[in-house]
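# Inside the fold
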Amino acid sequence: MSLRPPPRVPWQVTGNHWISLPCVHPADGSVFAAGFLHRGTRSAIELAGGPGFIDGEGPPLFRLRITLDGKAYAFSDARMVWERALGWLPTFTWTVGAVVVRGTIFAPFGRDSDCAGAVYALSVENRGSSKLAAVLVAEGTLGHRQLRVQTERAFEPGSHRVEAVDGDVVLGGRSPDALVALAIGADGDATVSVQQGPAPSYTIERSLSVESNGRTQIAFYIAAGPEPDGARASMAVLRRRGWKDLLRETRDALKQLEQTTGHEQLDGLINRHLLFAYFYGIGRALDDAHFYLVRTRVPWHGRGVTVRDWEALMWTLPAIQLADAPLARELLLRACEIHGYAPGRGVHYFDGSMFAPGFSLEGAAVYAIAVDRYIRDTNDDQIVEEPVLADTLYLSAEDLAERRDRNVPLYTTEVTLSGTPAPQPFTLHGNAVVAQAFDILRRTLDEDSAKDLEDPEAIRAALRRHFVAADAGKQRFVSATDLAGHTTAEDDPVASMLWLPLYDAMERSDSTYRRTVKGAGSTPRELAHQCARLLGPESTAVLEWFRRAQLDQGYAAEIVTQDGTAQLNGGDASLSGLLAWCAWYAVHALGERP
């Protein structure tokens, strides 16, 4: 895994569970790349104009220009003013002379609108005194296709193909196993041309006239499929449903996801991160239509589309649960189905295959905690009757029991949640999580299995005995121990001691706890640690810091500067989920306000 700097371009980001559009250029609205999950290759697949698309280098995949009464304009010739409708739909206004163009870029979302595609909707307003003749031109280049798990693997140069088919253009590869195809077309009659070469390109011209003081609306559709016929079928669906109905239903569906706190600026913070986690922390694979949990779908994050049990179930899922309980149920069962065969055993490809082995206590225990949280939030206790969930909980209990020390009711781990080797075999955070998991498992498993589990209160008592050390004459918690006198005091930024009250290990008012965490991480670096501070004694100040932090164009980044600017691994969707949930919890459960 590499830590990558954020892109130089402040991209507009949107998409749905099928397609991600992470690179919409703020200067002219060009789409530089489209991304998809592909189960067969266990990777994301991105189509772009060129290999430097992340930094806006090379031609775009899709760009608009306009001709007004015979005079050609690029959309970069005048300033675009951007807004984000409902926190997720990039919209712009562009003005030249007496002509105002408004655009909305969206990927359809909603019960009857969800499909593998996107829409570029435009409104041309003529404020002049005479009729206007306009031509909107969509053009683009397919110069790069790549597979990406964590690092990019480009398809063979020159293997790209663009062809005109029945008034649309179809982009993909020359070989039959090209994996992804795009179809691009207008909502009405258009002139299409294709230019072949190593990086083939296309042009779609849509003519229209606009009366004086009138307005005309048009749209271009971008549809995807695992092969050209599938892409064209998706195009037919988009056209049949119509962009106006798709936009209306998308807006209605997004409104249903909104959370409110009574504080306008906090609502914006929570909903922005919630929507990013909702659409970029999960996705539907283009080749099997199933949901998968990933760290993030943006192409500039070093962890890519791999996933850990903990990040999926404690970072992403709680945010989804706030907005969409039925989807949260499906994702929880899906996680059990594809990852529950080896709970906590390491980093996975999104399809459940092992990517990097490394056992963590938290990863094995998180399934019980996620189930309990889901039941408390939704009152859906019938979920425990699902066989795949029951099997996962029994496996989790068995794996945890095998890690118990022979003499002390504490449990060993191999790696921390940061992915690094544990400094000592026994960690405070890991054992606090195990205690809560056993609380849940003892009332969930059958009686015979439950009675074999360690008493959670015995584990919590052991935490007090073995993870407390004297520092300048005062008692403080340590983060890890080997039970032989060696301890580690330094807090783990991901598995922080700040989380302990959340797992019922102690009260927030506990004097040893407050003494330990006071001032911890006061100089921000790892955003996960800042999220943990939202639950600590300095919650109010941290909430204000988040409200002002720029992060990665408003979305979470793994490493940040002191003032909250993204430094490394921006566009972290799972971490945005954690941020959204923690901010919501700080307001609703702890009563905090900035």
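Refer to the structure presented above.
Everything numeric here is computed off the predicted structure, so don't read it as measured data.

Of regular secondary structure, the protein chain possesses 14 helices and 31 strands. Relative to a compact globule of 594 residues, whose C-alpha radius of gyration would be 25 Å, the protein chain shows 26 Å and is just as compact. Judged by the C-alpha coordinates and their principal axes, the protein chain covers about 85 × 50 × 40 Å. By sequence separation, contacts in the protein chain at least 24 residues apart represent 64% of the contacts at least 6 residues apart. Only carbon and sulfur atoms are counted for the fraction: they give 46% of the accessible area of the protein chain, which is about 22,200 Å². Of the side chains in the protein chain, 59 bear a positive and 74 a negative charge, and the two mean positions are spaced by 5 Å.

Further remarks concern the packing of aromatic side chains. As enumerated under the stated definition, the model contains 21 aromatic pairs in all. In this structure an aromatic cluster arises from ring pairing among Phe 62, Tyr 73, Phe 75, Trp 82, Phe 92, Trp 94, Tyr 120 and Phe 220. Positioned above the aromatic ring of Phe 155 is the side chain of Arg 145, whose terminal nitrogen or guanidinium carbon lies 4.3 Å from the ring centre. Just above the ring of Phe 359 sits the side chain of Arg 403; from NZ or CZ to the centre is 3.8 Å.

With that out of the way, let us pick up the sheet that holds strand β24 (residues 354-357). Taken in spatial order, the three strands make up an open sheet running β22-β23-β24, and their pairing is antiparallel. The strands lining the two open edges of the sheet, one partner per strand, are β22 (307-308) and β24. Note: strand β23 (residues 346-348) against β24, three bridges, orientation antiparallel. Each bridged residue has a counterpart across the sheet, and for Val 347 the counterpart in β24 is Ala 356.

Put simply, helix α4 (residues 309-323) and helix α14 (residues 573-588) touch, their axes get as near as 8 Å, and they point 55 degrees apart. Put simply, α4 runs oblique to α14. Remark: the crossing between α4 and α14 carries left-handed chirality. Residue-level contacts link Glu 311, Met 314, Trp 315, Thr 316, Pro 318, Ala 319 and Leu 322 of α4 to Ser 574, Leu 575, Gly 577, Leu 578, Trp 581 and Trp 584 of α14. Broken down by class, the residue content of the contact of α4 with α14 amounts to nine nonpolar, three polar and one charged.

What follows is about the pattern of salt bridges. Tallied over the full model, the rule gives 38 salt bridges. Across the pair Glu 163 and Arg 161 runs a salt bridge whose closest N-O atoms are separated by 3.1 Å. Accessibility expressed as a relative area gives 35% for Arg 161, which makes it partly exposed. A salt bridge links Arg 295 to Asp 572; the shortest N-O distance between them is 2.7 Å. In this pair, Arg 295 is assigned in the loop between β21 (291-293) and β22 and Asp 572 in the loop between β31 (566-570) and α14, connecting sequence segments 277 residues apart. This pair shows no difference in class: Arg 295 is buried, exactly as Asp 572 is. A network of salt bridges, in which partner residues are shared, links Arg 295, Arg 303, Arg 308, Glu 311, Glu 558 and Asp 572.

Moving on to the environment of Arg 239. Looking at the element boundaries, Arg 239 is found in helix α1 (residues 228-241). For Arg 239, a relative accessible area of 33% gives the class partly exposed. Among the polar contacts made by the side chain of Arg 239, one reaches the side chain of Asp 168 at a distance of 2.6 Å.

Calculation criteria
- Residues numbered from 1 in each chain as written.
- Predicted model: local features only at pLDDT ≥ 70, side-chain atom pairs only at ≥ 80, totals over all residues.
- Heavy atoms only, no water.
- Helix = DSSP H or I, 4+ residues; strand = E, 2+ residues; numbered from the N terminus.
- Rg over C-alpha atoms; globule rule 2.2 N^0.38 Å.
- Contact = heavy atoms within 4.5 Å.
- Areas by Shrake-Rupley, 256 points an atom, 1.4 Å probe, with all protein chains shown as cover.
- Lys, Arg positive; Asp, Glu negative; His and termini not counted.
- Charge placed at Lys NZ, Arg CZ, Asp CG, Glu CD.
- Phe/Tyr/Trp six-rings, centres within 6.5 Å; stacked < 30°, edge-to-face > 60°.
- Lys NZ or Arg CZ within 6 Å of the ring centre and 35° of its normal.
- Pairing = 2+ DSSP bridges.
- Axes fitted to C-alpha atoms, helices over the stretch in contact; angles between N-to-C directions.
- Parallel < 35°, antiparallel > 145°, perpendicular 65-115°, else oblique.
- Left-handed = near helix turned anticlockwise from the far one by under 90°.
- Nonpolar A, V, L, I, M, F, W, Y, C, P; charged D, E, K, R; others polar.
- Salt bridge = Lys/Arg side-chain N within 4 Å of Asp/Glu carboxyl O.
- Buried < 20%, exposed > 50% of the residue type's maximum accessible area, 1.4 Å probe, protein only.
- Polar contact = N/O pair within 3.5 Å; in protein donor to acceptor, adjacent residues only side chain to side chain.

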